[in-house]
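# Tertiary structure, described
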Amino acid sequence: MRVLVRCCWGPLPVGGCAGRKPTPRWRALAGLSGSSGGEDGRGARVREKPPWRVLFFGTDWFARETLRALHAARENKEEELIENLEVVTVPSPSPKGLPVKQYAIQSQLPVYEWPDVGSGEYDVGVVASFGRLLSEALILKFPYGILNVHPSCLPRWRGPAPIIHTVLHGDTVTGVTIMQIRPKRFDVGPILKQETVPVPPKGTSKELEALLSSLGASMLISVLKNLPESLRNGRQQPTEGVTQAPKISAATSCIKWEEQTSEQIFRLYRAVGNIIPLQTLWMGNTIKLLDLIEVNNSILTDPKLTGQAITPGSVIYHKQSQILLVCCKDGWIGVQSVMLKKKLTATDFYNGYLHPWYQKNSQAQPSQCTFQTLRLPPKKKQKKKIVAMQ
(Lines give C-alpha, C1' and ligand atoms only; values in the text may rest on other atoms or scores of the structure.)
Protein backbone atom coordinates (compact mmCIF):
# COMPACT_ATOMS: atom_id res chain seq x y z
CA MET A 1 0.00 0.00 0.00
CA ARG A 2 1.35 3.40 -0.92
CA VAL A 3 0.26 6.51 0.93
CA LEU A 4 1.00 10.16 0.43
CA VAL A 5 3.28 11.71 3.02
CA ARG A 6 1.61 14.53 4.86
CA CYS A 7 3.50 16.89 7.11
CA CYS A 8 1.59 16.02 10.24
CA TRP A 9 4.36 15.62 12.76
CA GLY A 10 2.76 18.17 15.08
CA PRO A 11 2.56 21.94 15.54
CA LEU A 12 5.54 24.20 15.05
CA PRO A 13 6.95 25.87 18.18
CA VAL A 14 5.59 29.29 18.94
CA GLY A 15 6.62 32.27 21.02
CA GLY A 16 10.29 32.89 21.65
CA CYS A 17 11.56 29.95 19.56
CA ALA A 18 11.46 31.65 16.18
CA GLY A 19 14.46 30.66 14.10
CA ARG A 20 15.57 28.02 16.60
CA LYS A 21 14.62 24.33 16.69
CA PRO A 22 13.94 22.84 20.13
CA THR A 23 16.34 20.04 20.99
CA PRO A 24 14.77 16.57 20.74
CA ARG A 25 14.92 14.58 23.96
CA TRP A 26 17.36 12.01 22.58
CA ARG A 27 19.92 14.68 21.63
CA ALA A 28 19.84 16.02 25.16
CA LEU A 29 20.18 12.52 26.63
CA ALA A 30 23.07 11.79 24.30
CA GLY A 31 24.86 14.95 25.37
CA LEU A 32 24.49 16.67 22.01
CA SER A 33 22.88 19.76 23.50
CA GLY A 34 22.80 21.58 26.78
CA SER A 35 19.01 21.47 26.77
CA SER A 36 17.06 18.67 28.39
CA GLY A 37 13.61 20.14 28.20
CA GLY A 38 10.45 18.11 28.10
CA GLU A 39 9.45 18.94 24.53
CA ASP A 40 10.56 17.40 21.28
CA GLY A 41 11.03 18.96 17.86
CA ARG A 42 7.28 18.90 17.23
CA GLY A 43 6.35 20.88 20.31
CA ALA A 44 4.59 17.89 21.88
CA ARG A 45 5.32 16.70 25.40
CA VAL A 46 7.91 13.91 25.42
CA ARG A 47 6.90 10.70 27.12
CA GLU A 48 9.23 9.86 29.97
CA LYS A 49 8.33 6.17 30.06
CA PRO A 50 6.46 3.49 28.06
CA PRO A 51 4.22 2.75 26.29
CA TRP A 52 6.05 3.99 23.20
CA ARG A 53 4.77 4.81 19.74
CA VAL A 54 7.15 3.06 17.34
CA LEU A 55 7.82 3.39 13.60
CA PHE A 56 9.73 0.37 12.30
CA PHE A 57 11.97 0.32 9.18
CA GLY A 58 12.96 -3.08 7.74
CA THR A 59 12.97 -5.47 4.80
CA ASP A 60 14.20 -9.05 5.14
CA TRP A 61 13.93 -12.14 7.38
CA PHE A 62 16.35 -10.71 9.95
CA ALA A 63 14.20 -7.59 10.23
CA ARG A 64 11.03 -9.66 10.34
CA GLU A 65 12.10 -11.25 13.63
CA THR A 66 12.57 -7.80 15.17
CA LEU A 67 9.17 -6.71 13.92
CA ARG A 68 7.62 -9.88 15.31
CA ALA A 69 9.05 -9.10 18.77
CA LEU A 70 7.76 -5.53 18.61
CA HIS A 71 4.33 -6.75 17.57
CA ALA A 72 4.25 -9.29 20.42
CA ALA A 73 5.16 -6.51 22.84
CA ARG A 74 2.33 -4.35 21.52
CA GLU A 75 -0.13 -7.22 21.96
CA ASN A 76 1.04 -7.75 25.56
CA LYS A 77 -1.40 -5.46 27.36
CA GLU A 78 -0.08 -6.36 30.80
CA GLU A 79 3.41 -4.94 30.22
CA GLU A 80 2.32 -1.89 28.18
CA LEU A 81 5.65 -1.41 26.41
CA ILE A 82 4.36 -0.38 22.97
CA GLU A 83 1.18 1.55 22.32
CA ASN A 84 1.33 1.91 18.55
CA LEU A 85 3.40 0.17 15.86
CA GLU A 86 3.65 1.12 12.18
CA VAL A 87 5.99 -0.16 9.47
CA VAL A 88 8.07 1.26 6.61
CA THR A 89 9.62 -1.07 4.01
CA VAL A 90 11.03 -0.74 0.49
CA PRO A 91 9.33 -1.61 -2.82
CA SER A 92 9.83 -5.16 -4.10
CA PRO A 93 9.38 -6.67 -7.57
CA SER A 94 7.56 -9.57 -5.91
CA PRO A 95 3.76 -9.10 -5.65
CA LYS A 96 3.92 -10.49 -2.11
CA GLY A 97 6.56 -8.00 -1.07
CA LEU A 98 9.51 -8.55 1.24
CA PRO A 99 9.21 -10.57 4.47
CA VAL A 100 8.62 -7.46 6.61
CA LYS A 101 5.76 -6.31 4.41
CA GLN A 102 4.23 -9.79 4.40
CA TYR A 103 4.31 -9.93 8.18
CA ALA A 104 2.90 -6.41 8.55
CA ILE A 105 -0.04 -7.19 6.28
CA GLN A 106 -0.73 -10.51 8.01
CA SER A 107 -0.65 -8.77 11.39
CA GLN A 108 -2.82 -5.86 10.15
CA LEU A 109 -0.14 -3.28 10.89
CA PRO A 110 -0.08 0.00 8.92
CA VAL A 111 2.66 -0.35 6.29
CA TYR A 112 4.20 2.29 4.02
CA GLU A 113 6.68 2.00 1.15
CA TRP A 114 9.82 4.11 1.27
CA PRO A 115 10.16 7.07 0.90
CA ASP A 116 6.66 7.32 2.42
CA VAL A 117 7.02 7.29 6.20
CA GLY A 118 3.47 7.73 7.43
CA SER A 119 2.01 10.80 9.06
CA GLY A 120 1.56 9.86 12.69
CA GLU A 121 3.41 10.92 15.80
CA TYR A 122 6.05 8.56 17.15
CA ASP A 123 8.35 8.44 20.16
CA VAL A 124 11.13 6.31 18.69
CA GLY A 125 12.11 4.72 15.38
CA VAL A 126 13.62 1.24 14.98
CA VAL A 127 15.70 0.09 12.00
CA ALA A 128 16.70 -3.49 11.19
CA SER A 129 18.27 -4.38 7.85
CA PHE A 130 16.72 -1.47 5.96
CA GLY A 131 19.56 -0.53 3.61
CA ARG A 132 18.64 3.14 3.22
CA LEU A 133 20.32 6.22 4.70
CA LEU A 134 17.89 8.18 6.87
CA SER A 135 18.12 11.95 6.73
CA GLU A 136 18.83 14.11 9.75
CA ALA A 137 15.45 15.79 9.26
CA LEU A 138 13.73 12.41 9.59
CA ILE A 139 15.79 11.33 12.60
CA LEU A 140 15.04 14.59 14.43
CA LYS A 141 11.31 13.97 14.16
CA PHE A 142 11.59 11.23 16.77
CA PRO A 143 11.93 12.49 20.36
CA TYR A 144 14.15 9.51 21.23
CA GLY A 145 15.79 9.20 17.83
CA ILE A 146 16.06 5.99 15.79
CA LEU A 147 17.58 2.74 17.07
CA ASN A 148 19.33 0.21 14.86
CA VAL A 149 19.49 -3.56 15.43
CA HIS A 150 22.81 -4.47 13.79
CA PRO A 151 24.09 -8.09 13.59
CA SER A 152 27.75 -7.58 14.43
CA CYS A 153 29.94 -6.30 17.24
CA LEU A 154 30.39 -2.77 15.96
CA PRO A 155 32.65 -1.23 14.83
CA ARG A 156 33.47 -4.57 13.19
CA TRP A 157 31.48 -5.11 10.00
CA ARG A 158 29.79 -1.81 9.39
CA GLY A 159 27.61 -1.96 6.29
CA PRO A 160 24.78 -3.92 4.68
CA ALA A 161 26.18 -7.49 4.80
CA PRO A 162 27.73 -8.08 8.25
CA ILE A 163 26.55 -11.68 8.69
CA ILE A 164 27.93 -12.76 5.32
CA HIS A 165 31.30 -11.15 6.04
CA THR A 166 31.41 -12.72 9.50
CA VAL A 167 31.21 -16.19 7.90
CA LEU A 168 33.33 -15.28 4.89
CA HIS A 169 36.26 -14.15 7.05
CA GLY A 170 36.09 -17.01 9.53
CA ASP A 171 35.22 -14.98 12.63
CA THR A 172 34.83 -17.16 15.71
CA VAL A 173 32.87 -14.58 17.72
CA THR A 174 30.13 -12.22 16.63
CA GLY A 175 27.11 -10.59 18.22
CA VAL A 176 24.43 -7.93 17.99
CA THR A 177 24.66 -4.21 18.64
CA ILE A 178 21.74 -1.94 19.49
CA MET A 179 22.93 1.49 18.47
CA GLN A 180 21.49 4.89 17.77
CA ILE A 181 21.32 6.12 14.18
CA ARG A 182 23.34 9.15 13.14
CA PRO A 183 22.75 10.88 9.79
CA LYS A 184 24.90 10.67 6.64
CA ARG A 185 26.83 7.48 7.53
CA PHE A 186 25.91 3.86 8.27
CA ASP A 187 26.52 2.24 11.65
CA VAL A 188 28.54 4.99 13.36
CA GLY A 189 26.24 5.98 16.24
CA PRO A 190 26.65 5.32 19.97
CA ILE A 191 26.23 1.79 21.32
CA LEU A 192 23.32 1.30 23.72
CA LYS A 193 23.68 -2.46 24.16
CA GLN A 194 26.00 -5.10 22.77
CA GLU A 195 26.18 -8.86 23.31
CA THR A 196 28.55 -11.44 21.85
CA VAL A 197 28.00 -15.08 20.86
CA PRO A 198 30.29 -17.73 19.37
CA VAL A 199 29.92 -18.37 15.66
CA PRO A 200 28.72 -21.97 15.14
CA PRO A 201 31.57 -24.01 13.59
CA LYS A 202 30.96 -24.56 9.87
CA GLY A 203 27.62 -22.74 10.15
CA THR A 204 26.08 -20.97 7.17
CA SER A 205 25.14 -17.31 7.01
CA LYS A 206 21.49 -18.35 7.00
CA GLU A 207 21.93 -20.32 10.23
CA LEU A 208 23.82 -17.44 11.82
CA GLU A 209 21.11 -15.01 10.72
CA ALA A 210 18.49 -17.06 12.59
CA LEU A 211 20.60 -17.01 15.75
CA LEU A 212 21.37 -13.29 15.63
CA SER A 213 17.86 -12.21 14.65
CA SER A 214 16.44 -13.83 17.78
CA LEU A 215 19.16 -12.33 19.97
CA GLY A 216 18.75 -8.87 18.44
CA ALA A 217 14.97 -8.85 18.92
CA SER A 218 15.35 -9.74 22.59
CA MET A 219 18.02 -7.08 23.13
CA LEU A 220 15.87 -4.40 21.49
CA ILE A 221 12.93 -5.12 23.80
CA SER A 222 15.31 -4.85 26.77
CA VAL A 223 16.51 -1.43 25.59
CA LEU A 224 12.97 -0.16 25.02
CA LYS A 225 12.00 -1.09 28.58
CA ASN A 226 14.59 1.40 29.87
CA LEU A 227 14.94 3.70 26.87
CA PRO A 228 15.85 7.05 28.53
CA GLU A 229 18.42 5.32 30.75
CA SER A 230 19.83 3.37 27.81
CA LEU A 231 20.34 6.60 25.88
CA ARG A 232 22.04 8.28 28.84
CA ASN A 233 24.42 5.33 29.20
CA GLY A 234 25.23 5.02 25.49
CA ARG A 235 28.93 4.88 24.60
CA GLN A 236 30.72 5.98 21.48
CA GLN A 237 32.13 3.30 19.21
CA PRO A 238 35.88 2.63 19.38
CA THR A 239 37.93 4.22 16.63
CA GLU A 240 40.05 1.08 16.22
CA GLY A 241 38.89 -2.23 14.83
CA VAL A 242 36.65 -0.74 12.12
CA THR A 243 35.90 -3.08 9.20
CA GLN A 244 33.47 -2.73 6.32
CA ALA A 245 30.83 -5.23 5.14
CA PRO A 246 29.94 -4.10 1.60
CA LYS A 247 27.15 -5.48 -0.57
CA ILE A 248 27.64 -8.87 -2.15
CA SER A 249 27.80 -9.00 -5.95
CA ALA A 250 27.84 -11.88 -8.43
CA ALA A 251 31.63 -11.48 -8.67
CA THR A 252 31.94 -12.51 -5.01
CA SER A 253 30.81 -16.03 -5.92
CA CYS A 254 33.57 -16.62 -8.51
CA ILE A 255 36.13 -19.08 -7.17
CA LYS A 256 39.81 -18.20 -7.63
CA TRP A 257 41.40 -21.64 -7.70
CA GLU A 258 45.01 -20.45 -7.72
CA GLU A 259 44.48 -18.00 -4.85
CA GLN A 260 41.94 -19.55 -2.49
CA THR A 261 42.53 -22.40 -0.07
CA SER A 262 39.98 -25.14 0.51
CA GLU A 263 39.02 -23.48 3.81
CA GLN A 264 38.43 -20.14 2.07
CA ILE A 265 36.29 -21.77 -0.61
CA PHE A 266 34.17 -23.58 1.98
CA ARG A 267 33.72 -20.33 3.92
CA LEU A 268 32.64 -18.64 0.70
CA TYR A 269 30.16 -21.46 0.10
CA ARG A 270 28.71 -21.17 3.62
CA ALA A 271 28.57 -17.38 3.37
CA VAL A 272 26.89 -16.82 -0.01
CA GLY A 273 25.78 -20.23 -1.26
CA ASN A 274 22.20 -19.62 -0.15
CA ILE A 275 22.13 -16.35 -2.12
CA ILE A 276 24.04 -17.17 -5.29
CA PRO A 277 25.83 -20.44 -6.22
CA LEU A 278 29.61 -20.46 -6.50
CA GLN A 279 30.70 -20.08 -10.11
CA THR A 280 33.61 -21.12 -12.28
CA LEU A 281 34.50 -21.58 -15.94
CA TRP A 282 34.77 -24.95 -17.72
CA MET A 283 35.62 -25.25 -21.39
CA GLY A 284 34.40 -21.73 -22.01
CA ASN A 285 31.08 -22.24 -20.23
CA THR A 286 29.97 -20.87 -16.88
CA ILE A 287 29.26 -23.70 -14.44
CA LYS A 288 27.74 -23.38 -10.97
CA LEU A 289 28.88 -25.60 -8.12
CA LEU A 290 25.82 -26.41 -6.03
CA ASP A 291 26.72 -28.89 -3.30
CA LEU A 292 30.19 -28.72 -1.81
CA ILE A 293 31.53 -31.19 0.74
CA GLU A 294 34.83 -31.68 2.52
CA VAL A 295 37.10 -34.42 1.23
CA ASN A 296 38.02 -37.10 3.77
CA ASN A 297 41.52 -38.48 4.25
CA SER A 298 40.81 -41.85 2.61
CA ILE A 299 40.03 -40.14 -0.69
CA LEU A 300 43.13 -37.94 -0.47
CA THR A 301 45.37 -41.03 -0.58
CA ASP A 302 44.06 -42.01 -4.03
CA PRO A 303 47.03 -42.42 -6.46
CA LYS A 304 45.28 -40.14 -8.95
CA LEU A 305 45.71 -37.30 -6.46
CA THR A 306 49.20 -38.13 -5.25
CA GLY A 307 50.88 -39.63 -8.31
CA GLN A 308 51.43 -36.47 -10.32
CA ALA A 309 51.60 -32.71 -10.09
CA ILE A 310 48.07 -31.31 -10.13
CA THR A 311 47.35 -27.70 -11.01
CA PRO A 312 44.66 -25.66 -9.18
CA GLY A 313 41.28 -26.09 -10.88
CA SER A 314 41.96 -29.68 -12.00
CA VAL A 315 38.80 -31.83 -11.96
CA ILE A 316 38.80 -35.56 -11.22
CA TYR A 317 35.78 -37.82 -10.80
CA HIS A 318 36.06 -40.11 -7.77
CA LYS A 319 33.93 -43.11 -8.66
CA GLN A 320 33.79 -44.71 -5.21
CA SER A 321 32.44 -41.55 -3.58
CA GLN A 322 30.55 -40.33 -6.68
CA ILE A 323 31.87 -36.79 -6.29
CA LEU A 324 33.96 -34.41 -8.33
CA LEU A 325 37.30 -33.56 -6.77
CA VAL A 326 38.61 -30.10 -7.59
CA CYS A 327 42.11 -28.95 -6.74
CA CYS A 328 42.55 -25.56 -5.09
CA LYS A 329 45.54 -23.66 -3.73
CA ASP A 330 46.30 -26.04 -0.87
CA GLY A 331 44.20 -29.15 -1.33
CA TRP A 332 40.88 -30.45 -2.63
CA ILE A 333 37.16 -29.78 -2.37
CA GLY A 334 34.35 -32.17 -3.20
CA VAL A 335 31.39 -31.28 -5.42
CA GLN A 336 28.23 -33.40 -5.44
CA SER A 337 26.22 -31.54 -8.07
CA VAL A 338 26.60 -28.74 -10.62
CA MET A 339 24.46 -26.54 -12.85
CA LEU A 340 25.43 -26.59 -16.53
CA LYS A 341 22.34 -25.90 -18.67
CA LYS A 342 20.53 -28.04 -16.07
CA LYS A 343 21.30 -29.52 -12.68
CA LEU A 344 23.62 -32.54 -12.88
CA THR A 345 24.96 -34.89 -10.24
CA ALA A 346 28.70 -35.42 -10.21
CA THR A 347 28.12 -38.77 -11.90
CA ASP A 348 25.94 -37.17 -14.59
CA PHE A 349 28.63 -34.55 -15.24
CA TYR A 350 31.28 -37.23 -15.53
CA ASN A 351 29.24 -39.42 -17.89
CA GLY A 352 28.07 -36.53 -20.08
CA TYR A 353 31.15 -34.31 -20.14
CA LEU A 354 34.29 -35.56 -18.41
CA HIS A 355 34.38 -39.12 -19.73
CA PRO A 356 33.82 -38.12 -23.41
CA TRP A 357 36.53 -35.48 -23.01
CA TYR A 358 39.04 -38.05 -21.79
CA GLN A 359 38.09 -40.38 -24.68
CA LYS A 360 38.76 -37.65 -27.22
CA ASN A 361 42.01 -36.74 -25.49
CA SER A 362 43.27 -40.20 -24.60
CA GLN A 363 46.78 -39.00 -23.81
CA ALA A 364 45.60 -36.11 -21.66
CA GLN A 365 46.50 -35.90 -17.99
CA PRO A 366 43.92 -34.99 -15.30
CA SER A 367 45.71 -31.69 -14.77
CA GLN A 368 44.67 -30.64 -18.29
CA CYS A 369 40.95 -30.83 -17.50
CA THR A 370 40.46 -27.80 -15.31
CA PHE A 371 37.99 -25.32 -13.91
CA GLN A 372 39.19 -21.79 -14.50
CA THR A 373 38.47 -18.58 -12.63
CA LEU A 374 35.46 -16.78 -14.07
CA ARG A 375 36.21 -13.10 -14.70
CA LEU A 376 33.03 -11.03 -14.70
CA PRO A 377 32.85 -7.53 -16.24
CA PRO A 378 33.43 -4.50 -14.01
CA LYS A 379 30.55 -3.60 -11.70
CA LYS A 380 29.32 -0.75 -13.87
CA LYS A 381 28.77 -3.18 -16.76
CA GLN A 382 26.96 -5.82 -14.76
CA LYS A 383 23.21 -5.83 -15.16
CA LYS A 384 22.46 -7.73 -11.99
CA LYS A 385 23.74 -7.28 -8.48
CA ILE A 386 22.97 -9.55 -5.56
CA VAL A 387 22.27 -7.34 -2.57
CA ALA A 388 22.37 -8.70 0.99
CA MET A 389 20.81 -6.31 3.47
CA GLN A 390 21.35 -7.50 7.14
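What comes next concerns the included structure. Here the structure is a predicted model, which means the values were calculated and not measured.

Cut-off values and rules
- Residues numbered from 1 in each chain as written.
- Predicted model: local features only at pLDDT ≥ 70, side-chain atom pairs only at ≥ 80, totals over all residues.
- Heavy atoms only, no water.
- Helix = DSSP H or I, 4+ residues; strand = E, 2+ residues; numbered from the N terminus.
- Buried < 20%, exposed > 50% of the residue type's maximum accessible area, 1.4 Å probe, protein only.
- Contact = heavy atoms within 4.5 Å.
- Areas by Shrake-Rupley, 256 points an atom, 1.4 Å probe, with all protein chains shown as cover.
- Pairing = 2+ DSSP bridges.
- Axes fitted to C-alpha atoms, helices over the stretch in contact; angles between N-to-C directions.
- Disulfide = S-S within 2.5 Å.
- Lys, Arg positive; Asp, Glu negative; His and termini not counted.
- Salt bridge = Lys/Arg side-chain N within 4 Å of Asp/Glu carboxyl O.
- Polar contact = N/O pair within 3.5 Å; in protein donor to acceptor, adjacent residues only side chain to side chain.
- Core = buried A, V, L, I, M, F, W, Y, C linked by side-chain atoms within 4.5 Å.

### Side note on the overall build of the chain
- Along the chain, the regular secondary structure elements total eleven helices and 13 strands.
- Looking at the chain residue by residue over its 390 residues, the buried ones come to 51%.
- Restricting to contacts in the chain with at least 6 residues of sequence separation, those with at least 24 account for 69%.
- Carbon and sulfur atoms make up 51% of the accessible area of the chain, which totals about 19,000 Å².

### Some thoughts on the environment of Gln-244
- Relative to the helices and strands, Gln-244 resides in the loop between helix H7 (227-232) and helix H8 (262-272).
- Sequence separation between Gln-244 and Pro-160 is 84 residues, and the spatial gap between their C-alpha atoms is 8.9 Å.
- Setting aside residues up to four positions removed in sequence, Gln-244 forms contacts with Trp-157, Arg-158 and His-165.

### Some remarks on the sheet that holds strand S6 (residues 173-180)
- Ordered in space as S3-S2-S1-S4-S5-S6-S7, the seven strands form an open sheet in which the pairing is mixed. Each edge of the sheet is formed by a strand with only one pairing partner; in this case those strands are strand S3 (111-113) and strand S7 (191-198). Direction aside, neighbouring strands of the sheet carry axes that sit 20° apart on average.
- In terms of strand pairing, strand S5 (residues 146-150) meets S6 through four bridges, oriented antiparallel. In the strand pairing of S6, Val-149 is matched with Ile-178.
- Packed onto the sheet, helix H2 (residues 61-75) meets strand S1 (52-58), strand S2 (82-89), strand S4 (124-128) and S5 and runs at close to 155° relative to S2.

### Notes on the state of the cysteines
- Following the criterion strictly, the structure yields zero disulfides and no others.
- Cysteine Cys-327 remains unbridged, with the sulfur of Cys-328 as its closest cysteine sulfur at 6.1 Å.
- The buried category is assigned to Cys-328, whose relative accessible area is 2%.

### Quick look at the side chain of Arg-158
- Note on placement: Arg-158 falls in the loop between S5 and helix H5 (162-168).
- There is no salt bridge for the buried Arg-158, and the closest opposite charge comes from Asp-187, which lies 6.5 Å off by N-O distance.
- A polar atom in the side chain of Arg-158 sits 3.0 Å from the side chain of Gln-237.
- What Arg-158 contacts, discounting residues up to four positions off in sequence, is His-150, Arg-185, Phe-186, Asp-187, Val-188, Gln-237, Pro-238, Val-242, Thr-243, Gln-244 and Ala-245.

### Regarding the nonpolar core
- If you look at the biggest cluster of nonpolar residues, it comprises 74 residues, and the most contacted ones within it are Phe-56, Leu-70, Leu-224 and Phe-349.
- When residues in this core are grouped by element, the largest group, nine residues, is from helix H6 (residues 205-225).
- Excluding residues that lie within four positions of it along the chain, Leu-224 makes contacts with Pro-50, Trp-52, Leu-70, Leu-81, Ile-82, Val-124 and Leu-147.
- Grouped together as the second largest cluster of nonpolar side chains are 16 residues, Phe-57, Val-88, Val-127 and Ile-146 included.

### Some remarks on the pattern of salt bridges
- Applying the stated criterion across every chain yields a total of twelve salt bridges.
- Between Lys-202 and Glu-294 there is a salt bridge, with its nearest N and O atoms 3.3 Å apart. Taken together, the positions of Lys-202 in the loop between S7 and H6 and Glu-294 in the loop between strand S9 (285-293) and helix H9 (297-300) put the pair 92 residues apart, joining distant regions of the chain.
- Among the residues examined, Glu-294 registers a relative accessible area of 45% and is labelled partly exposed.
- Within the structure, one salt-bridge network assembled from shared partners comprises Arg-53, Glu-121 and Asp-123.

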